[in-house]
Amino acid sequence: MQMKYQKLGKTDLEASVVSFGGWGIGGGSVWSDKSVNVADLEKLLDLAAELGINYIDTAPVYGTGASEQLLGEALKKGRRSKFLLQTKCSLNWRNDGGNFHYERDGYTVNNDTSARAIRKDVEDSLIRMQTDYIDVLVVHYVCKSWPVEETMGALATAVQSGKALYVGISNYDGPHAAEARKLAREIHLPLIINQNRYSILDRTIEKNGLKDFAREEGMGVICFSPLAQGMLSEKYLKGIPSDSRIAKDGRFLHADDLKPEKMEGIRRLDEIAKRRGQTLPQMALAWDLRDPEITSVLIGASKPQQILENLGAIENISFSAEELREIDEIQASIAGELDACRKV
């Protein structure tokens with residue numbers, strides 16, 4: 001399989017079209033029930049680099065610092081230069097301000113986009129990841145309690161100090177994205193990416209104009225949850241396994257999402273994938289990757305085989321008009337919209 005690359009926005013940075021998502025390696029009931037140690041992660045990153053993946057996404061809140069700490073230990077051994085490293089700011093568990101976001105595992109996570117909070121987020125992330133700089137610093141969630149001028153100003157300070165090279169936004173709606181982009185342009189802030197949920201089943205960024213906005217503004221589009229919170233993972237084709245996240249938690253995916261009529265549609269998607277010689281997850285990733293406006297798609301992995309299987313999607317990202325029509329019909333009949341308010 002031959003990895004492909006796209007530029008991040010209007011920069012010269014070339015990112016692999018499939019990127020390594022650090023969500024699951026954080027552990028804890030919020031992010032994952034998997035346990036990944038440094039040795040495991042080193043093997044995953046070595047395989048990712050060997051296969052051409054050069055882009056890592058994480059966040060302080062993934063495992064309340066655990067994801068960044070694990071990456072720091074793994075990257076410090078000669079691997080840092082092989083990857084573009086992206087992390088986020090705004091969600092923290094310090095209990096020193098911000099708006100309530102969620103509570104789990106004994107922690108209260110707040111969303112705080114004040115300059116003070118962003119400075120602290122950046123400093124803590126650099127320490128945890130044992131690095132001098134962040135390639136792309138992303139605001140995890142918009143927060144209406146602080147003016148966009150303060151948030152963008154704090155990002156500009158991070159760039160001017162060399163602690164971040166570029167910045168981005170995530171989970172922003174259209175008006176807030178436009179406001180952030182306008183101010184960034186005025187203060188010459190290199191706001192280069194917009195990161196959002198996007199999949200066969202969840203096409204919110206098409207409907208709300210965010211995808212068109214990114215194209216018009218020359219911003220990269222980074223997609224997370226390409227498997228629609230696991231609905232397109234094959235895990236639920238025969239029902240809900242007792243050890244699955246939905247059976248244990250249901251925070252990101254609910255039993256209502258797996259009603260019989262929806263699962264029948266997903267099984268029809270699986271049939272299309274088989275006709276294409278792909279697994280359902282591979283087809284779901286290929287569907288995202290077929291679009292030249294999508295810069296990179298995040299995949300999570302706790303085992304080498306998961307990376308290898310996911311990258312099989314690259315081998316066939318071409319869809320016939322009939323395949324796309326059939327996929328669209330299935331999506332329209334079963335999906336609606338996944339709840340955009342589910343916090344990630």
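Scroll up a little and you will see the structure.
Thresholds, definitions, all that
Residues numbered from 1 in each chain as written. Predicted model: local features only at pLDDT ≥ 70, side-chain atom pairs only at ≥ 80, totals over all residues. Heavy atoms only, no water. Pairing = 2+ DSSP bridges. Helix = DSSP H or I, 4+ residues; strand = E, 2+ residues; numbered from the N terminus. Core = buried A, V, L, I, M, F, W, Y, C linked by side-chain atoms within 4.5 Å. Buried < 20%, exposed > 50% of the residue type's maximum accessible area, 1.4 Å probe, protein only. Contact = heavy atoms within 4.5 Å.

Trainee: Go over the sheet that holds strand E7 (residues 99-104) with me, naming the residues and quoting the values.
Mentor: What the 3 strands build is an open sheet, ordered E6-E8-E7; its pairing is antiparallel. The open sheet terminates on both sides in strands that have one partner only, identified here as strand E6 (91-92) and E7. Bridge count for E7 against strand E8 (residues 107-111) is 5 bridges, and the pairing is antiparallel. Note that in E8 the partner of asparagine 99 across the bridge is asparagine 111.

Trainee: Requested: an account of the environment of threonine 151, with residues and values cited.
Mentor: Along the chain, threonine 151 falls in helix H5 (residues 148-160). As for threonine 151 and arginine 116, which are separated by 35 residues in sequence, their C-alpha atoms are 9.6 Å apart.

Trainee: Can you lay out the nonpolar core for me, pointing to particular residues and giving the numbers?
Mentor: With 85 residues, the main nonpolar core has Phe20, Leu41 and Leu269 as its most contacted residues. Here the element with the most residues in this core is helix H11 (residues 280-289); it accounts for 7 residues. Apart from residues lying up to four places away in sequence, leucine 41 is in contact with Phe20, Ile25, Val36, Leu70, Leu71 and Ala74. Membership of the second largest hydrophobic core comes to 12 residues, among which are Ala15, Leu84, Val136 and Leu298.

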